[in-house]
Structures are given as C-alpha cells and as structure tokens.
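One-letter residues, chain by chain:
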Amino acid sequence: MSQLYSFNEFRRTPRRVFFDRAELNQLLSLYSRNVASGEWRDYAIDQVGGAAIFSVFRHTHDAPLYAIAKQRNNRSIEYVVFSGREKLKRAKTLGDALKIFRKRLRVVS
C-alpha cells in the first residue's frame, strides 16, 4: 500500500530574524536621542517574512520616517536603512548602518 505525504511537512520554513539585546540597545539609544531633540515621536518593531524591522515615526499616524531592517540573505545577516522605499544605507553590522544618523556639524549664527 502506498503512503501519502504532504509537501508542507517537508518544506523548510524560513528562519525568523530577531533583534538581539545589544542591537535593541543601539536602536533605542538612537531613538531616545532623537526623541529628546524633538525629531521622532514613536517607534514600532515588526517581523515580516525573513526580516525584523525597527520603524520610527514623527507622528503616530504617519508613514515611518525611517525603517532599519535586519535581513537574512542566504546565510549572512544584512542591515538596511530605508526612508520610504529608498535604501539609504546597507551594511554588514548595525553600527555601520546607523552611522547615517550621525549629526553633521553646522554653523549657527
């Protein structure tokens, strides 16, 4: 007698990606500095497919100003900073990806 197998039982499910404690500390530190300066007001952490996404908002009901995504590509992890649909920075470490948010000095009279 033949045996019936379901393909769903044998398909690999994509591994879920999460931010670890050190990454969350970096993200929340950046967030708190920008909240203190009055630029950002809210944040959200989502998990979509094979990515964990930290989004920041100016107003609660607006689209996110920036989204920092941790993505799994094959066997490596990649961090991408988005502004809307535009990719601003792509890096192998979160620290390198967050360098885009460093303030530039400007002359104030």
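Further up the page is the structure itself.
Described in the following lines is the structure provided in the data block. Everything quoted here is computed from the prediction, not taken from an experiment.

This next bit is on the overall build of the protein. If you tally the helices and strands in the protein, you get three helices and five strands. When the helices and strands of the protein are placed in sequence order, the string is α-α-β-β-β-β-β-α. Put simply, of all contacts in the protein between residues at least 6 apart along the chain, 30% involve residues at least 24 apart. Carbon and sulfur atoms make up 50% of the accessible area of the protein, which amounts to about 8,700 Å² in all.

Judged by pairing direction, the sheet is antiparallel, and its five strands sit side by side in the order β1-β2-β3-β4-β5 without closing on themselves. Lying at the two open borders of the sheet, with one neighbouring strand each, are β1 (42-48) and β5 (86-91). In this sheet, adjacent strand axes meet at a mean angle of 20° when their direction is disregarded. As judged from the six bridges shared by strand β2 (residues 51-57) and strand β3 (residues 66-73), these two strands associate in the antiparallel manner. Bridge pairing links F54 to I68 in β3.

Counting 17 residues, the largest nonpolar core has L27, W40, F54, I68, L94, L98 and F101 as the members making the most contacts within it. Looking at this core, the elements with two or more residues in it are α2 (21-36), β2, β4 (76-83) and α3 (94-98). Not counting residues within four places of it along the chain, the set of residues in contact with F54 comprises F19, L27, L28, Y31, Y43, A44, I45, Y66, A67 and I68.

Attention shifts here to the side chain of N34. Of note, N34 is situated in helix α2. For N34, the side chain forms a polar contact with the main-chain oxygen of L30, separated by 3.0 Å. When residues no more than four places from it in sequence are discounted, the contact partners of N34 are E39, W40 and K103.

Once that is clear, we can look at the side chain of E23. Assignment of secondary structure puts E23 in helix α2. According to the relative accessible area criterion, E23 is buried, its value standing at 7%. Side-chain polar atoms of E23 contact the side chain of K70, separated by 3.0 Å. Once residues within four sequence positions are removed from consideration, E23 is found in contact with F18, K70, Y79 and L94.

Another aspect to go through is a nonpolar patch on the surface. Taken together, L28, Y43 and I45 make up a surface patch of nonpolar side chains, about 240 Å² in accessible area. Along the chain, the position of Y43 falls in strand β1. Judged by its relative accessible area of 34%, Y43 falls in the partly exposed class.

With that settled, consider the pairing of β1. For β1 and β2, the ladder comprises seven bridges, and the chain directions are antiparallel. From the neighbouring strand, Q47 faces β2, where its bridge partner is A52. Turn length for the β1-β2 hairpin, with the two strands adjacent in sequence and antiparallel, is two residues, and the turn residue G49 shows positive phi of about 55°.

Parameters and conventions
Residues numbered from 1 in each chain as written. Predicted model: local features only at pLDDT ≥ 70, side-chain atom pairs only at ≥ 80, totals over all residues. Heavy atoms only, no water. Helix = DSSP H or I, 4+ residues; strand = E, 2+ residues; numbered from the N terminus. Contact = heavy atoms within 4.5 Å. Areas by Shrake-Rupley, 256 points an atom, 1.4 Å probe, with all protein chains shown as cover. Pairing = 2+ DSSP bridges. Axes fitted to C-alpha atoms, helices over the stretch in contact; angles between N-to-C directions. Core = buried A, V, L, I, M, F, W, Y, C linked by side-chain atoms within 4.5 Å. Buried < 20%, exposed > 50% of the residue type's maximum accessible area, 1.4 Å probe, protein only. Polar contact = N/O pair within 3.5 Å; in protein donor to acceptor, adjacent residues only side chain to side chain. Patch = residues over 30% accessible without salt bridge, like charges linked within 9 Å, V, L, I, M, F, W, Y side chains within 5 Å. Salt bridge = Lys/Arg side-chain N within 4 Å of Asp/Glu carboxyl O.

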